Amino acid sequence: VIDGAARAAADADLFMAAGTSLQVYPGAGLLPLAKKAGARVIIVNAESTPMDHLADAIISGPISEGLPLMCEGPLRERAPRACKGVRRTKSPDEK
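Reading the values: the criteria
- Residues numbered from 1 in each chain as written.
- Predicted model: local features only at pLDDT ≥ 70, side-chain atom pairs only at ≥ 80, totals over all residues.
- Heavy atoms only, no water.
- Salt bridge = Lys/Arg side-chain N within 4 Å of Asp/Glu carboxyl O.
- Helix = DSSP H or I, 4+ residues; strand = E, 2+ residues; numbered from the N terminus.
- Buried < 20%, exposed > 50% of the residue type's maximum accessible area, 1.4 Å probe, protein only.
- Pairing = 2+ DSSP bridges.
- Axes fitted to C-alpha atoms, helices over the stretch in contact; angles between N-to-C directions.
- Right-handed = clockwise from strand over helix to strand, strands pointing away.
- Contact = heavy atoms within 4.5 Å.

Asks: Would you mind going over the pattern of salt bridges with me for this structure?
Replies: Side chains that differ in charge, positive against negative, can pair when their charged atoms come close. Scanning all chains against the criterion turns up two salt bridges. One salt bridge connects D56 with K35, and the closest N-O pair in it is separated by 3.0 Å. On the criterion of sequence distance, the pair formed by D56 in the loop between β2 (40–45) and β3 (57–60) and K35 in helix α2 (residues 30–36) is long-range, its members being 21 residues apart. You can call K35 partly exposed: its relative accessible area is 27%. Through salt bridges that share partners, K35, R40 and D56 make up one connected network.

Asks: In this structure, what is going on with the sheet that holds β3? I would like to understand it.
Replies: Adjacent strands of a sheet pair through backbone hydrogen bonds, lying either parallel or antiparallel. The strand order across the open sheet formed by three strands is β1-β2-β3, and the pairing between neighbours is parallel. Looking at the sheet topology across the chains shown, the edges are occupied by β1 (14–18) and β3. When strand polarity is set aside, the average angle formed by the axes of neighbouring strands in this sheet is 10 degrees. Where β2 and β3 come together, four bridges link them in parallel fashion. When the bridges of β3 are listed, I42 appears paired with A57.

Asks: Sorry, what's going on with the pairing of β2 here?
Replies: The side chains of a regular strand alternate, first on one face of the sheet and then on the other. Burial analysis of β2 places five of its six residues in the buried class, the great majority of the element. Here β1 pairs with β2 via five bridges, running parallel. Among the inter-strand pairings, A18 is bridged to a residue of β2, identified as V44. Since β1 and β2 lie parallel, the crossover through α2 that links them has a hand, and here it is right-handed.

Asks: Can you walk me through the environment of T20 in this structure?
Replies: Here T20 is to be found in the loop between β1 and α2. On the accessibility criterion, T20 (30% relative accessible area) is partly exposed. For the pair T20 and I63, spaced 43 residues apart in the sequence, the C-alpha separation amounts to 9.7 Å. When neighbours within four sequence positions are excluded, T20 is seen to be in contact with N45 and T49.

This is the structure:
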C-alpha cells in the first residue's frame, strides 16, 4: 500500500495533507517526496507541523472549515471529485 502511495505522491501535481501532524512515518514521508518531485503542497491543519516549511500554502484551522474553503475556489473546477460532498457550514460567529 505504501509503495502505491509513494508512486502517486511522486506523480502528483498537487499534494494536500489535511488533519495530520505529519509526524507518523511512513505516511509522513509522502509529503517531502511529492514536493521533491515538483508537486505544489497544501497543508490544512489546526496546528503547525514540522513540514510547514515545505508548503506552498497553509490553511490553519479545523479541516471542517479549511477543506470547504478550498473547494469554494479553483480546486472545485480542477478536482471536482476531491470536492464532492464537501460543504461549508457557517461558523458560530457568522450570520
